[in-house]
Each structure stands twice: as structure tokens, then as C-alpha cells.
Amino acid sequence: MAELQEVQITEEKPLLPGQTPEAAKEAELAARILLDQGQTHSVETPYGSVTFTVYGTPKPKRPAILTYHDVGLNYKSCFQPLFQFGDMQEIIQNFVRVHVDAPGMEEGAPVFPLGYQYPSLDQLADMIPCILQYLNFSTVIGVGVGAGAYILSRYALNHPDTVEGLVLINIDPNAKGWMDWAAHKLTGLTSSVSEMILGHLFSQEELSRNSELIQKYRNIITHAPNLENIELYWNSYNNRRDLNFERGGDITLKCPVMLVVECNSKLDPTQTSFLKMADSGGQPQLTQPGKLTEAFKYFLQGMGYMASSCMTRLSRSRTASLTSAASIDGNRSRSRTLSQSSESGTLPSGPPGHTMEVSC
């Protein structure tokens, strides 16, 4: 039998009746611009309305990339530098994206009335199925930062069959203890809400340097017209429950996970490998989008996607090095972890499905 050969056929789009080629090109360009700008939707859930923005079109047999931002930010201020980065374009061409704004965090959001009961982080996670049902999406790869990473983890624990992978940046899976509460109350007596949120987003070293990035985000948060809403989200984050991750136990994430965190002691060491990044600070998606993009590409390749993608910024000669899987105390302070740095650009070379941890 003669060997079958794959032939690529390009379908020409027929013109509408009375439509000129020039008009067709203009319509196609307008459609592309609309996709580039994203389409914003709102859906009602048992815990209130949630707004999200969709970029691109669904790809057959591929999950959507769904993002969830941290406290004090919205999807644009949290993720725009990452997803607009040049090397990220190869990824976003292959996946539809859904950027979720926590209630009241979207641009132009009205201030909630006095006494409004803001959803807990668990309830925010329970809003995600309504989004996927509205869009008719079956599976996602979640990308979350801080509070958003917690929300996506809670969702993945409750709906493991719909999550193909997670990228978790600066997640704290633990509820606040008594000492944390005391420190938080004392800080609240001397610091404004905006300063406390900045201390959550960035390390003390970054804040003391007071770089242009810090000044920019201090201005964004301090002068936010929805600062009252931001404080409600902040309170929900501080009242979070423990995720109760158990290494080797029943409560653990079942999907591949790329971690930019300090909670590896909670995860199965047989499925954990590590990537080291230096000088990335508390928000690596803002400060090191290139390195994070490269790590994300490698993570997607490990899941069986984008097999032909080229690694351009991190040396491939380093991909065979695997760092120690020694446990790190999950209760170590975030500022201490973020101030530590290690050699840049070491990518793990492990089998698909491994968890990748990025230590900043």
C-alpha cells in the first residue's frame, strides 16, 4: 500500500454577496482587532456577578488559559506585562485566554454599598464553573498570583477533572495563625490598607529600593477609585481557610503544577522538580516576564503541548540540571523567601506531568 502523505489544504473564505475584497479585508482586520482587545463578559453566580475577558478563539482539543489576579490588582495590572511580552505571543496564538477579575476589581467597577458581604476565597473559586459553563469550556490551565493562586488551587481541589495544569505564583496555602493575626492587627494601626497590600505584593527589599515599578503600583493602589472594594478582597484573603495540602495524602493537587512559591514541603517529592530564577522579586510576572514565559513554555511542553516550541532565552545546555528537592519550611516568611536568590535559568529536565517550582 502506498504511504499516505499529509497534505495541507488552505480554504479560501468566500465573500459575502456584494462584498468587495477590500471590504472583506477590512472586516477581517476589524475582527482581529476585536480579538486582540478582548471581549468582556459578566455572568451571574450564586455569590454575585463576576466579570472576565476572553482573548482569542477556542482551539480544538486544547484547554483555555484562565488567569486570576492578586489583591490590589486587576487582570490588566497583574498580567498584561506577561501576556504582552514578545516571546509569549507563541503561547497565546495556541490557546484561548480567559482573564477573570475578582468582583469589584474590574476597570470602572462601582463601589459596593456599605455592609456588602464580599465572597470568601472559597466562594470566588465556586464562581469559576459558571464562567466555564457560560463559555462552554471543558478544561483549563490556571495561572494565578497570590490570592488568585489560592482561588485556583481551591477550584482545582473541588473540580480536578476540569484542570489540566496550574501555574501558581506566590501562593500561601495556609490560613493565618494567631501570631499572623496579631501582626496584621498591629500593622493596621500604623499602616494604611494600600501600604499593607504593597507589603503583600512586594518584598521589603523591593519596597525599600522604591523603584519605578514600586512607585507605579503604589500610585495605582493608593489612588484606586475602588479602594473600598480592594479592601474587601484583602479582608477575604486574610480570612482564607487552610488548603490542607498533605504530602502523600488525599488532599493534594492532581494536575501538573508549576510553582513560584515556598510550599513545596506540602507536595509529593516524587513529582517535584525545581527551576531557579534570580532577581524576580514578589511579582515575577511583572519583573521577569521573559524568564517566566520560558518556564511556562517548558511546562506546556511537559504537558504535551507546543512540542516544536524553541527555548530562546534560557540556555538549553542547563535544562539537564536538576536541583535538590529538599523541603523548605512552609511557614517561612514571604519576605525572607523573596529576598533570597539563586542561579538564574536552570530548567528541570524531567518527565511530563512533573511539578516545576520557581524559587524567587
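Residues numbered from 1 in each chain as written. Predicted model: local features only at pLDDT ≥ 70, side-chain atom pairs only at ≥ 80, totals over all residues. Heavy atoms only, no water.

Caption draft 1: Representation of the overall build of the protein chain in the model. Each helix and strand counted, the protein chain has 13 helices and nine strands in total. For the protein chain, the proportion of its 360 residues judged to be buried stands at 49%. Here the contacts in the protein chain between residues at least 6 apart in sequence split such that 76% fall between residues at least 24 apart. Accessible surface for the protein chain amounts to roughly 18000 Å². Of this, 51% is attributable to carbon and sulfur atoms. (Helix = DSSP H or I, 4+ residues; strand = E, 2+ residues; numbered from the N terminus. Buried < 20%, exposed > 50% of the residue type's maximum accessible area, 1.4 Å probe, protein only. Contact = heavy atoms within 4.5 Å. Areas by Shrake-Rupley, 256 points an atom, 1.4 Å probe, with all protein chains shown as cover.)

Caption draft 2: Highlighting helix α4 (residues 121–135). Given a rise of 1.5 Å per residue, 15 residues ought to cover 21 Å, and the 22 Å separating the end C-alpha atoms of α4 matches this to within 8%. Of the residues making up α4, those classed as buried are Leu121, Asp122, Leu124, Ala125, Met127, Ile128, Cys130, Ile131, Leu132 and Leu135. A positive backbone phi angle near 60 degrees is found at asparagine 136, which sits one or two residues after α4. (Expected span 1.5 Å × (residues − 1).)

Caption draft 3: Main features of unusual backbone geometry. Backbone geometry places asparagine 170, a non-glycine residue, at a positive phi of 55 degrees. Among the structural elements, asparagine 170 can be located in the loop between β6 (163–169) and α6 (178–190). One non-glycine residue with positive phi stands out, namely asparagine 210, at about 50 degrees. Mapped onto the elements, asparagine 210 comes out in the loop between α8 (204–209) and α9 (212–222). Using a relative accessible area of 32% as the deciding quantity, one classes asparagine 210 as partly exposed.

Caption draft 4: Expanded view of the nonpolar core. Membership of the largest hydrophobic core comes to 83 residues, with the highest contact counts inside it found for Tyr68, Val98, Leu166, Tyr233 and Phe296. Per element, the largest residue contribution to this core is eight residues, and it comes from α4. Setting aside anything within four residues of it in sequence, one finds leucine 166 in contact with Gly142, Leu152, Ser153, Ala156, Leu253, Cys255, Pro256, Val257, Met258 and Phe299. (Core = buried A, V, L, I, M, F, W, Y, C linked by side-chain atoms within 4.5 Å.)

Caption draft 5: Just the packing of aromatic side chains, in detail. A full pass over the atoms with the stated rule returns 10 aromatic pairs. With a centroid separation of 6.4 Å and 65 degrees between ring planes, the pair formed by tyrosine 55 and tyrosine 75 is classed as edge-to-face. Here tyrosine 55, found in strand β2 (residues 48–55), pairs with tyrosine 75, found in helix α2 (residues 75–83); they are 20 residues apart in sequence, far enough to count as distant. This pair shows no difference in class: tyrosine 55 is buried, exactly as tyrosine 75 is. On the numbers, 4.1 Å between centres and 5 degrees between planes, the contact of phenylalanine 112 with tyrosine 116 is stacked. The class for tyrosine 116 is partly exposed, based on a relative accessible area of 26%. The ring of phenylalanine 95 has arginine 62 lying over it, and the distance from NZ or CZ to the ring centre is 5.3 Å. Just above the ring of tyrosine 55 sits the side chain of arginine 97; from NZ or CZ to the centre is 4.5 Å. (Phe/Tyr/Trp six-rings, centres within 6.5 Å; stacked < 30°, edge-to-face > 60°. Lys NZ or Arg CZ within 6 Å of the ring centre and 35° of its normal.)

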